[in-house]
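# Descriptive structure summary
Here's the letter readout for the chains.
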Amino acid sequence: MDSPWEELTLAFSRTSMFPFFDIAHYLVSVMALKHRPGAVEGAWRNPVSSWFTAMLHCFGGGILSCILLAEPPLRFLANHTNILLASSIWYIIFFCPWDLISQGYSFLPVQLLAAGMKEVTRTWKIVGGVTHANSYYKNGWLIMIAIGWAQGAGGIIITNFERLVKGDWKPEGDEWLKMSYPSKVTLLGSLIFTFQHTKHLTISKHNLMFLYTIFLVTTKITMMITETSSVTLAPFEDILSRMLFGWQNQFSLCDKKCGTKSSSNGTGSSVSKPMTDGLDVKRKHTKKTE
């Protein structure tokens, strides 16, 4: 008989994301789109463009993973139920009378609940991406990491491409140049689940899914309450950068210190010589006067 912990984590890993968790994911994604400058006016001028951008926000991870695996990138359109659900959420967010949905979403408890449920879907997407990549490339762990990361955070990359097409792209906002917290934590999760899938981590998948999801939800809610960004991973990134990439800086600092010491010794010897020469000249002068 399994322990209560095993029963809890196993039941959690079998939880269906449809419809409630998917609704939370679509809600948070479309609300992020609406908060862009000029997004509401653009939706009124060109609803088709706004709808397509919203679908990129909602299904960007699946689109990017399909591109990487040479699959049809429009395959997400075959899931009519999810497309209709995401389209309905887009419509009521942008065109609801008196903007009731946005006003209800402005309450902090609603935002925390929706963000926490969205982080749950991130775990399922990472696991699905790793498993899907393994079906193409058996134990190809680099590909599994890439597809798991693309499934969990590919929407950010796709929306950057959408901004580039619209002429709204900025270099400082590129995920390839400066990764955001969701991209970093998704890459970390993809690494962990890939090592678990290849039997390099001796932990069951349902236990790992539960623990990783608790970590995601806790950190996300903490960041929202404290209004901070990427503070959680900053100490670990600093330690890893010092361990892996800080040796050259340490050697250069040592070389600079040694150079300053040698230069100071050289100047001291050069100064002492004129002083001794001056004393000798004084002694000779006194002898002559005597």
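Residues numbered from 1 in each chain as written. Predicted model: local features only at pLDDT ≥ 70, side-chain atom pairs only at ≥ 80, totals over all residues. Heavy atoms only, no water.

## Describing the nonpolar core
So the rule is basically this: We define the nonpolar core as a collection of buried residues of types Ala, Val, Leu, Ile, Met, Phe, Trp, Tyr and Cys that are connected through side-chain atoms lying within 4.5 Å of one another. In this scheme, a residue with accessible area under 20% of its type's maximum is buried, one over 50% is exposed, and one in between is partly exposed, where area comes from a 1.4 Å probe on protein chains only. Only DSSP runs of H or I covering at least 4 residues are called helices, and only runs of E covering at least 2 are called strands; the numbering of each starts at the N terminus.
With 31 residues, the main nonpolar core has Tyr 26, Leu 27, Val 30, Met 55, Phe 59, Ile 93 and Phe 94 as its most contacted residues. Of the residues forming this core, the biggest block, eight residues, is contributed by helix α5 (residues 80–95).

## As for the UniProt feature "transmembrane region" (unreviewed entry) in the protein
For the record, the criterion: UniProt positions are given in the numbering used here, feature names are shortened, and annotations may be inferred rather than shown by experiment.
With numbering aligned to this structure, UniProt lists the feature "transmembrane region" (unreviewed entry) at residues 51–70, 82–101 and 141–161. Its end C-alpha atoms 25 Å apart, residues 51–70 is made of 90% helix and 0% strand.

## Structural notes on the confidence of the model for the protein
Which entries qualify depends on this criterion: As a per-residue quantity, pLDDT reports the predictor's confidence and falls between 0 and 100. Contacts between residues were defined by any pair of non-hydrogen atoms, one from each residue, lying within 4.5 Å.
With 80% of its residues at a pLDDT of 70 or more, the protein shows a mean pLDDT of 84. Per-residue pLDDT stays below 50 along residues 268–276; that stretch engages in zero contacts with residues further than four places along the chain or on separate chains. Here residues 281–290 is modelled with pLDDT under 50, and outside its nearest four sequence neighbours on either side it reaches zero contacts, counting other chains as well.

## A word on the packing of aromatic side chains
In plain terms, the rule: Geometry of aromatic contacts follows a simple scheme: Phe, Tyr and Trp rings, the Trp one being its six-membered ring, pair when their centres are within 6.5 Å, and the pair is stacked under 30 degrees between planes, edge-to-face over 60, tilted otherwise.
Tallying each qualifying case throughout the model produces eleven aromatic pairs. Between Trp 90 and Phe 94, the aromatic rings sit 6.3 Å apart at their centres with planes inclined by 45°, giving tilted as the arrangement. Of the two residues, Trp 90 and Phe 94 are both situated in helix α5; the distance of four residues between them amounts to about one turn of the helix. Among the residues examined, Trp 90 registers a relative accessible area of 8% and is labelled buried. Taken together, the ring pairs in this structure connect Trp 44, Trp 90, Tyr 91, Phe 94 and Phe 95 into an aromatic cluster.

## A look at the side chain of Gln 151
Here Gln 151 is to be found in helix α8 (residues 141–166). For Gln 151, the contacting residues outside a window of four places in its chain are Gly 61, Gly 62, Ser 65, Lys 125 and Gly 129.

## Notes on the environment of Met 55
Within the secondary structure, Met 55 sits in helix α4 (residues 47–68). The class of Met 55 is buried, set by a relative accessible area of 1%. Between the C-alpha atoms of Met 55 and Phe 76, which are 21 residues apart in sequence, the distance is 9.5 Å. Leaving out residues up to four positions away in the same chain, Met 55 has contacts with Gly 60, Phe 76, Ile 83, Ala 86 and Ser 87.

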